[in-house]
Amino acid sequence: MSGGAKVRGRRPGGGDTRGVVLGAARAEFAARGYQKASMRAIARAAGVDAALLHHYFGTKDRLFMASLEFPFDPRAVVETVFGGDRETVGERVAAFVVGLWEQPAARERLLALVRTAAASEEVAALMRDFMVAELVGRIAAELGVPDPELRVELVMSQVVGLAMARYVIAVEPLASAPPEVLVPLLGRTVQGYLAG
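About the criteria used
Residues numbered from 1 in each chain as written. Predicted model: local features only at pLDDT ≥ 70, side-chain atom pairs only at ≥ 80, totals over all residues. Heavy atoms only, no water. Helix = DSSP H or I, 4+ residues; strand = E, 2+ residues; numbered from the N terminus. Buried < 20%, exposed > 50% of the residue type's maximum accessible area, 1.4 Å probe, protein only. Contact = heavy atoms within 4.5 Å. Lys, Arg positive; Asp, Glu negative; His and termini not counted. Charge placed at Lys NZ, Arg CZ, Asp CG, Glu CD. Core = buried A, V, L, I, M, F, W, Y, C linked by side-chain atoms within 4.5 Å. Phe/Tyr/Trp six-rings, centres within 6.5 Å; stacked < 30°, edge-to-face > 60°. Salt bridge = Lys/Arg side-chain N within 4 Å of Asp/Glu carboxyl O. Polar contact = N/O pair within 3.5 Å; in protein donor to acceptor, adjacent residues only side chain to side chain.

A. Layout of the overall build of the protein. Within the protein one finds 10 helices and zero strands. In the protein, the succession of helices and strands from N to C terminus is α-α-α-α-α-α-α-α-α-α. Reported as C-alpha extents along the three principal axes, the dimensions of the protein are approximately 70 × 35 × 30 Å. Of all 196 residues assigned to the protein, the portion counted as buried reaches 39%. Put simply, of all contacts in the protein between residues at least 6 apart along the chain, 67% involve residues at least 24 apart. In the protein, which carries 23 positive and 22 negative side-chain charges, the distance between the mean positions of the two groups comes to 11 Å.

Right, here's the structure in full:
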């Protein structure tokens with residue numbers, strides 16, 4: 001084989017192949033959801049053999065969890081959002097949520113999560129466990145109000161509802177409303193849940 005000849009076929013494992021696979025998986029899960037995304041389609045998008053995905057990740061659900069790479073640290077959220085004045089906590093939560101969803105890379109990951117959790121009870125259960133352990137419990141411990149877990153879960157319902165209406169279904173005028181309009185409106189509702 002001459003030095004300038006191109007090698008044909010699938011990308012071999014190694015290098016940043018794992019990163020390429022994770023990127024392809026995020027895009028596939030975001031576009032199709034967990035149930036409709038396939039290991040073969042992800043492998044094809046990444047330019048690798050499907051057997052390599054099974055070698056790195058084992059199963060589709062493990063690939064899904066690895067591909068999420070949550071775009072925020074729950075501990076940092078609690079410290080940042082709940083570390084200030086309780087009279088404005090709702091607006092800080094709203095600003096964090098809207099700001100996160102407005103970042104294209106984070107939005108792709110979160111869309112994959114929302115669509116997949118809606119379609120797969122297994123993934124929904126995994127996400128529920130994660131959210132209860134990493135967010136609900138931590139935030140509820142900071143509130144000092146009656147029914148703190150219920151209040152945090154009501155906030156989560158607002159966040160998921162916003163995500164579905166704005167980014168998945170694209171209901172107008174919500175879908176095109178600028179963040180500076182959304183944050184104060186959402187903030188007032190969140191404030192009522194957390195402190196009212």
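B. A look at the nonpolar core. One finds F29, L63, V93 and L194 to be the most contacted residues of the largest nonpolar core, which totals 57 residues. Residues in contact with L63, not counting those within four places in the same chain, are V21, L22, A25, F29, M39, I42, L53 and F57.

C. Representation of the packing of aromatic side chains. All told, the structure shown has three aromatic pairs when counted by the stated rule. Pairing F29 with F64 gives two aromatic rings, centres 5.0 Å apart and planes at 85 degrees, and the pair type is edge-to-face. Here F64 lies in helix 4 (residues 60-68) and F29 lies in helix 1 (residues 17-36), a separation of 35 residues in the sequence. Relative accessible area serves as the criterion here: at 0%, F29 is assigned to the buried category. Where Y56 meets F57, the ring centres are 5.9 Å apart and the plane angle is 65 degrees; that geometry is what we call edge-to-face. Looking at Y56, the relative accessible area reads 29%, which means it is partly exposed.

D. Up close: the environment of D73. Along the chain, the position of D73 falls in the loop between helix 4 and helix 5 (74-82). Placed 61 residues apart in sequence, D73 and E134 show a C-alpha to C-alpha distance of 9.0 Å.

E. Just the side chain of K60, in detail. Along the chain, the position of K60 falls in helix 4. Here K60 sits buried without a salt bridge, and the closest side chain of opposite charge, E28, lies 8.7 Å off (N-O distance). Only 2.8 Å separates the side chain of K60 from the backbone oxygen of A37, close enough to count as a polar contact. Leave out the neighbours within four places in its chain, and K60 touches F29, Y34, Q35, A37 and M39.

Geometric values such as these leave the question of function open.
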